[in-house]
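Now for the letters of each chain:
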Amino acid sequence: MARTGALPGGPALIAVSVAGLLAVLVLGLRTATVRRPGTAWPTAARTAVRQGLAADLGGSLLLIGGLAVLAVAAWQMLPLIAPAAGALAGCAVAVERRARV
């Protein structure tokens, strides 16, 4: 609907939607890497938000780059999505360990 031009402010809505989707994906990856057995998910999510937005913005940008690589790999050849997703998980763990140093 936003792309058709029928909706006023369509390009702005698309930009905000893409930024929101990237934020949710990055914070989801960060939450999954921060959580330890016995830790509640909401606690891990709060920690991930603190690290992702305030302490380690560069790590979040690295994860956005990893998501871009995943998207390109899936676009080029669908079976590449499995190894690319594994590489993205490894990237998320590396970013989390990098934030601790």
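**A closer look at the overall build of the chain**
In terms of regular secondary structure, the chain is built from 4 helices and 0 strands. Put simply, the chain runs from its N terminus to its C terminus through helices and strands in the order α-α-α-α. Counting only C-alpha atoms, the chain reaches 50 × 30 × 25 Å along its principal axes. In the chain, buried positions account for 24% of the 101 residues. Expressed as a percentage of contacts within the chain between residues at least 6 apart in sequence, the contacts between residues at least 24 apart total 52%. Roughly 6,600 Å² of accessible area belongs to the chain as shown, and the carbon and sulfur atoms make up 74% of that amount.

**Examining a nonpolar patch on the surface**
Taken together, the side chains of Met1, Leu7 and Leu13 make up a nonpolar region of the molecular surface, amounting to roughly 300 Å² of accessible area. When you line up the elements, Leu13 lands in helix H1 (residues 10-34).

Rules used in this analysis
Residues numbered from 1 in each chain as written. Predicted model: local features only at pLDDT ≥ 70, side-chain atom pairs only at ≥ 80, totals over all residues. Heavy atoms only, no water. Helix = DSSP H or I, 4+ residues; strand = E, 2+ residues; numbered from the N terminus. Buried < 20%, exposed > 50% of the residue type's maximum accessible area, 1.4 Å probe, protein only. Contact = heavy atoms within 4.5 Å. Areas by Shrake-Rupley, 256 points an atom, 1.4 Å probe, with all protein chains shown as cover. Patch = residues over 30% accessible without salt bridge, like charges linked within 9 Å, V, L, I, M, F, W, Y side chains within 5 Å. Salt bridge = Lys/Arg side-chain N within 4 Å of Asp/Glu carboxyl O.

Purely geometric stuff here, so don't read any function into it on its own.
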